[in-house]
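These are the residues of each chain, in order.
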Amino acid sequence: MKKTILALTLTASFSAFATTPVAGDDLPFFNAERQAVQHGAIVKDMTGQGQVALAQFMATQPLGEFSEPVLNAAQHAVENNRKIAPDYVAMMEASAKIRGVDVAELFASVSQVDYSVNQAVKSSMQAEQDVEEIKGCTSIAFNNGIVGQTNDLSLATSLTDHTTVVKTDDSIFVVADGAHFQGMGKHVGIVINFMGAPAGEDGINSENLVTVDAIFAAATQAKSVDAFLNTIKDVRTIIPFNFTLLMIRVITPQ
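### Things to note about the sheet that holds strand β6 (residues 171-176)
Strands pair in a sheet through their backbones, by hydrogen bonds, and they do so in one of two ways: parallel or antiparallel.
Okay, step 1: Judged by pairing direction, the sheet is mixed, and its six strands sit side by side in the order β2-β5-β6-β7-β8-β9 without closing on themselves. Two strands bound the open sheet, and with one partner strand each, they are β2 (42-45) and β9 (241-247). On average, adjacent strands in this sheet sit at an angle of 30 degrees to one another, irrespective of strand direction.
Okay, step 2: Across four bridges, the pairing between β2 and strand β5 (residues 164-167) is parallel. Along β5, the bridge assignment pairs Lys44 with Val166.
Okay, step 3: Each of β6, β7 (179-185), β8 (188-194) and β9 is contacted by helix α6 (residues 212-221), which is oriented at about 25 degrees to β7, the strand it contacts most.
Okay, step 4: Relative to the sheet, helix α7 (residues 225-232) contacts β8 and β9, its axis offset from that of β9 by approximately 150 degrees.

Laid out in structure tokens, this is it:
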């Protein structure tokens, strides 16, 4: 009997640019009026291969650079990450061992871009400049899987035809800077909107700091949206984010 997966889809309608953006364009922060540049992704099917194989694959993915403040924060976040996503942290520790680095470096890698963008936003606000001139990602959409996102970072560096989507036995997720990014589990899907300084204070020095990849992993392993929200109710992220969640229902036709 055929089963159909139904998922809530996040959509938006935008007007078109006078000229079509191309890779290398540097468009303003919160600017959603962008034509698609990337039309596909690499899908890595890891179903039936287990956590060891996943760690080995993740260890081959490129890392981003990170600063000392972000690394210090990531070191503090390791055990907090373990509390909300223990299986994911164990996999990342195995991946870090293969790389020959501390696992905190992996968590710092995925955290740096958001922190850097947020610092630029704060500097812009302090100088009473337009926040619209800062860059950062805004949204993503689902429809029975990962569809795409608008990304207001420079297209020359942040959008390529090499985006990797990993499929495991119980989730599908994007890999970013060697870590778990937005994704969908059997019960819960999660996407991210950058909010940053305009929405509140950053959490880089918080005792209950977790990194955003652990948030994603916790969501895709959760049995329900309520269970996920209960898991993260006492933690902080390195900067303010807005997470959009969807509950997946499987309906069997009669």
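From this point, the discussion proceeds with the structure in view.
### Remarks on the side chain of Asn81
Okay, step 1: Along the chain, the position of Asn81 falls in helix α2 (residues 68-84).
Okay, step 2: Those residues in contact with Asn81 that sit more than four places away from it in its chain are Pro86, Val89, Phe107, Val210, Thr211 and Ala214.

### Looking at a negative patch on the surface
Okay, step 1: A contiguous patch of negative charge on the surface is contributed by Asp45, Asp87, Asp169 and Asp170.
Okay, step 2: Within the fold, Asp170 resides in the loop between β5 and β6.

### A closer look at the pairing of β7
Okay, step 1: Within β7, seven of the seven residues are buried, which leaves it mostly tucked inside the rest of the structure.
Okay, step 2: By the bridge criterion, five bridges tie β6 to β7 in an arrangement that is antiparallel. Directly across from Val175, in β7, lies its bridge partner His180.
Okay, step 3: Taking the residues that link successive antiparallel strands as the turn, the β6-β7 hairpin has two residues, and the phi of Asp177 there is positive, at about 50 degrees.
Okay, step 4: Hairpin geometry of β7 and β8 is characterised by an intervening segment of two residues between the two adjacent antiparallel strands.

### A closer look at the pattern of salt bridges
Okay, step 1: Taken as a whole, this structure holds three salt bridges when the rule is applied.
Okay, step 2: In this structure, the salt-bridge partner of Glu93 is Arg82, at a minimum N-O distance of 2.7 Å. Here Arg82 lies in helix α2 and Glu93 lies in helix α3 (residues 86-99), a separation of 11 residues in the sequence.
Okay, step 3: Given the relative accessible area of 27%, Arg82 is considered partly exposed.
Okay, step 4: A salt bridge links Asp234 to Lys233; its shortest N-O distance comes to 3.1 Å.
Okay, step 5: Judged by relative accessible area, Asp234 falls into the exposed class, the value being 54%.
Okay, step 6: Relative accessible area serves as the criterion here: at 53%, Lys233 is assigned to the exposed category.
Okay, step 7: Several salt bridges converge on common partners, so that one network encompasses Glu79, Arg82 and Glu93.

### Comments concerning unusual backbone geometry
What is expected of a backbone is that most residues other than glycine have negative phi and most peptide bonds are trans.
Okay, step 1: Positive phi, close to 50 degrees, is recorded for Asp177, a residue that is not glycine.
Okay, step 2: Locating Asp177 in the fold gives a position in the loop between β6 and β7.

### A short note on the nonpolar core
Okay, step 1: Among the nonpolar cores identified, the biggest contains 59 residues, and Tyr88, Met92, Phe107 and Phe228 are the most heavily contacted of them.
Okay, step 2: Here the element with the most residues in this core is helix α4 (residues 103-126); it accounts for nine residues.
Okay, step 3: Apart from the residues lying within four places of it in its own chain, the contact partners of Met92 are Val103, Leu106, Phe107, Gly178, Ala179 and Asp213.

Each value, and the rule that gives it
- Throughout this description, residue numbers start from 1 for each chain and increase along the sequence as written.
- Two thresholds apply to this predicted model, a pLDDT of at least 70 for residue-level local features and 80 or more for giving and counting side-chain atom pairs, whereas whole-chain, interface and lining totals are computed over all residues.
- Computation of side-chain values: all heavy atoms of the structure, hydrogens and water removed.
- One bridge is not enough; two strands pair if DSSP finds at least two bridges between them.
- Each helix corresponds to a stretch of at least 4 residues labelled H or I by DSSP, and each strand to a stretch of at least 2 residues labelled E; elements are numbered beginning at the N terminus.
- Orientation is described by axes fitted as lines to C-alpha atoms, over the contacting stretch for helices, and by angles from 0 to 180 degrees between their N-to-C directions.
- Contact criterion: two residues are considered in contact whenever any of their non-hydrogen atoms come within 4.5 Å of each other.
- Candidates for patches are residues over 30% relative accessible area with no salt bridge; among them, like charges are joined within 9 Å and nonpolar side chains (Val, Leu, Ile, Met, Phe, Trp, Tyr) within 5 Å.
- Residue burial considers only the protein chains on display, and all accessible areas are found by Shrake-Rupley using a 1.4 Å probe.
- The term salt bridge refers to a pairing of a side-chain nitrogen on Lys or Arg with a carboxyl oxygen on Asp or Glu at a separation within 4 Å.
- Counted as positive: Lys and Arg. Counted as negative: Asp and Glu, with His and the chain ends omitted from the count.
- Charge positions are represented by NZ for Lys, CZ for Arg, CG for Asp and CD for Glu.
- With a 1.4 Å probe rolled over the protein chains alone, any residue whose accessible area is under 20% of its type maximum counts as buried; one over 50% counts as exposed, and the rest are partly exposed.
- We call a set of buried residues a nonpolar core when its members are Ala, Val, Leu, Ile, Met, Phe, Trp, Tyr or Cys and they connect through side-chain atoms within 4.5 Å of each other.

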